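Topology and contacts: notes
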Amino acid sequence: MPGPLWDAYGRICERLDTDRTNDLLDHMRSRVLEHGDAEDRADLERAEQELAERRARKGGRPKRQDAEG
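No experiment lies behind these values; they were computed from the predicted model shown. Chains are numbered independently. Their residues run from 1 in the order of the written sequence. At least 70 in pLDDT is required for a residue's local features to be given in this predicted model, at least 80 for side-chain atom pairs to be given and counted, and no such filter applies to totals for whole chains, interfaces and linings, which use all residues. Computation of side-chain values: all heavy atoms of the structure, hydrogens and water removed.

**What about helix α1 (residues 3-15)?**
- The terminal C-alpha atoms of α1 lie 19 Å apart, and with 13 residues this matches the ideal 18 Å at 1.5 Å per residue to within 8%.
- Secondary structure elements follow DSSP: runs of H or I no shorter than four residues count as helices, runs of E no shorter than two count as strands, and numbering proceeds from the N terminus. Positive backbone phi, approximately 60 degrees, marks Asp 17, located one or two places after α1. Between the first and last residue of a helix there are one fewer steps than residues, each counted as 1.5 Å, and that sum is the expected span.

**Considering the packing of aromatic side chains**
- Note on aromatic contacts: the rings of Phe and Tyr and the six-membered ring of Trp form a pair at centre separations within 6.5 Å, being stacked when their planes are under 30 degrees apart, edge-to-face when over 60 apart, and tilted otherwise. Tallied over the full model, the rule gives one aromatic pair.
- With a centroid separation of 6.0 Å and an interplanar angle of 45 degrees, the aromatic rings of Trp 6 and Tyr 9 are classed as tilted. Of the two residues, Trp 6 and Tyr 9 are both situated in helix α1; the distance of three residues between them amounts to about one turn of the helix.
- Buried means the residue's accessible area, taken with a 1.4 Å probe over protein chains only, is under 20% of the maximum for its type, while exposed means over 50%, and partly exposed covers the values in between. For Trp 6, a relative accessible area of 32% translates into the label partly exposed.

**Let's talk about the pattern of salt bridges**
- The rule for a salt bridge is simple: a side-chain nitrogen of Lys or Arg has to be within 4 Å of a carboxyl oxygen of Asp or Glu. Across all of its chains, the model carries four salt bridges by this definition.
- Arg 29 is the partner of Asp 26 in a salt bridge, and the nearest nitrogen-oxygen pair spans 2.9 Å. With Asp 26 and Arg 29 both in helix α2 (residues 20-35) and three residues apart, this pair spans about one turn of that helix.
- Taking the shortest distance from any N to any O, the salt bridge between Glu 50 and Arg 54 comes out at 2.3 Å. Here Glu 50 pairs with Arg 54, and both are found in helix α3 (residues 38-57), just four residues apart, close to one helical turn.
- The class of Arg 54 is partly exposed, set by a relative accessible area of 40%.
- Where salt bridges share partners, they join Asp 26, Arg 29 and Glu 48 into one cluster.

Structural data, given as structure tokens:
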């Protein structure tokens, strides 16, 4: 990924009140739901469970902190 593209994408995600991780996960979910077969959807379900378990162990996703500046 070219650095300037990654940086621009990060700024856009900030303006949209999200972050690159969540935006990419949302995009990937929609692609699987739109174009995936039964195996792909089953993998998505397993991935969602894994994410939920990870977040539960860590106490959930941390609150986003505003950058000082």
